[in-house]
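Coordinates in review
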Amino acid sequence: MSSTVCFHGDVVLPDRILDQGFVVCEKGRITQVSRRAPKGVHAIEGSYITPGYIDLHVHGGEGADYMDGTRDAVRIANRAHLKRGTTTIFPTTTTGSTDELDRMLTACAEVRANWSVEAGARIAGVHYYGPYFAPDKVGCHSVAGCRDPQADEYNRFFGMGLIRIATCAAELPGAEEFYRVARGHGCLVTCGHSNATWAEMARAYAAGMRHVDHFWCAMSSVSSLRERYGTPMQASMEQFVLAHREMSTEVIADGCHLSPELLDFAWRMKGADRLCLVTDANRAVGMPPGRYRFGPSETGSWFESDGRVGFVPNQGLASSVVGLDTMVRTMKSATGASLPEVIRMASLTPARRAGIARSTGSLEAGKRADVLVLNAALEIDRVFVGGSEAPAGS
Ligand SMILES: [Zn+2]
Ligand SMILES: [Zn+2]
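Going along each chain's sequence as written, the residues are numbered from 1 onward. In the order they appear in the text, chains get letters beginning with A and ligands get numbers beginning with 1. The predicted nature of this model means local features are confined to residues of pLDDT at least 70 and side-chain atom pairs, given and counted, to a pLDDT of 80 or more, with totals for whole chains, interfaces and linings taken over all residues. With hydrogens and water excluded, all non-hydrogen atoms of the structure serve as input to the side-chain values.

Considering the overall build of the protein chain
What counts here: Put simply, DSSP marks the helices as runs of H or I at least four residues long and the strands as runs of E at least two long, and each gets a number from the N terminus on. For this measure, only C-alpha atoms enter the radius of gyration; the expected value for a globule follows 2.2 Å times N^0.38, where N is the number of residues. The criterion used for residue contact is that any of the two residues' heavy atoms lie within 4.5 Å. Calculation of accessible area relied on Shrake-Rupley with a 1.4 Å probe; when residues are assessed, cover is drawn exclusively from the protein chains displayed.
What the protein chain contains, in helices and strands, is 11 helices and 22 strands. What you see for the protein chain is a C-alpha radius of gyration of 20 Å, in line with the 21 Å of a compact globule of 394 residues. Each of the three principal axes of the protein chain carries a C-alpha extent, and together these read 70 × 40 × 40 Å. Long-range contacts, defined as pairs at least 24 residues apart, comprise 68% of the intrachain contacts of the protein chain with a sequence gap of at least 6. On the protein chain, roughly 14,600 Å² of surface is accessible, and the fraction owed to carbon and sulfur atoms is 48%.

Here it is as structure tokens:
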């Protein structure tokens, strides 16, 4: 890592492309982005040079789910996503027992403390996602592991200093207190797996909630609220997010969850500064079609993968089985967003929302050398984290 690393190609900056530019990195940091070739340094060539991707919402990959709760599982999943372009990752909990959550958080803390590029994507923090889901919006997750927010449980977990993103369904008793505590710990506060009304979202917003998980998936709509409250029909999470500029959200752009029109609509409504690309990927990433558990290896609920997407037969989708590289390509072809905007939705925007944009998220001097070399089809050629290259075939 002591030596200089230099990249040459069309450099994707947050707001434009620097044609045939050079990105120079020294001691793990970006030192220069310009059209000037540094003297005496061999440049790594690519069609595009982009920042490493950042995934705010991801459950596992290549056979491992973070909720398996072992260091090995964490490293397997982090390596699976690193080679698909994710250099910074937020391992995401799901529904489970307090002990299962404890093991997951402990394993992530240990891997983070002893990180090297062989351990895969760098953990910036944990997304505390389950278990505070609304029972009628629990989706593919285990209902048994779902509950109302418990202050003694989450206070202890927040106290570990690892959680950077925190989800809770807004209509649950105790949700506002959870949001205030999460905000106090500097988290991006999000509402998901929820059937909340506009009024419940407004109270959540006042308590610090600013983001909604996987837009259109496991969230309220006008018609789901009509089932709950009858008429007059109520505004839902969807209207709340679209009406509030400060609210951000995320899409699972694998081409299976949302149609191209919905992806384009989300980008047009929220813009590249408030829309994040996430994988929400499960352990079936890079695995053959078959039956897998979502969440802990012993107690998680079953789903199937056909190699394109996860699903529960006769019930619905069960999150994605691909990496952020696929999301970027899908978003580029499905929407009118420019390449800098698409890349921003997978890098600088999630970095800003999670509060880590000072150290990563774009190709700017001073930031960590988290850099991707892409071919003309936006496929991953090479991946660098902090200036160190991900081992080939890792
Ligand atoms: Zn979900
Ligand atoms: Zn999820």
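Topic: the sheet that holds strand β21 (residues 380-385)
Under the convention used in this document: Between any two strands, pairing holds if DSSP finds at least two bridges.
Spatially, seven strands are ordered β3-β2-β1-β4-β20-β21-β22 in an open sheet, and the strand pairing comes out mixed. Only two strands of the sheet have a single neighbouring strand rather than two, namely β3 (29-34) and β22 (388-389). Summarising the sheet, strand β1 (residues 4-12) and strand β4 (residues 43-51) pair through five bridges and their orientation is parallel. For Cys 6, the partnering residue across the bridge sits in β4 and is Ala 43.

Here's the deal with the pairing of strand β12 (residues 188-191)
Going by this rule: Partly exposed residues are those whose accessible area sits between 20% and 50% of the maximum for their type, while under 20% is buried and over 50% is exposed, using a 1.4 Å probe and protein chains only. By the criterion used throughout, a crossover qualifies as right-handed when its path from the first strand across the helix to the second strand runs clockwise, the strands pointing away from the viewer.
Burial of the side chains of β12 extends over both faces: Leu 188 and Thr 190 are buried on one face and Val 189 and Cys 191 on the other. Pairing geometry for strand β11 (residues 163-167) and β12, over three bridges, is parallel. Across the sheet, residue Ile 165 finds its bridge partner in β12, namely Leu 188. In this fold, β11 hands off to helix α4 (residues 175-184), which returns the chain to β12; that crossover is right-handed. Taken together, the two bridges between β12 and strand β13 (residues 211-212) define a ladder with parallel strand orientation. Residue Thr 190 lies in a different strand from β13, and its bridge partner there is His 211. Crossover connection from β12 via helix α5 (residues 198-206) to parallel β13: handedness right-handed.

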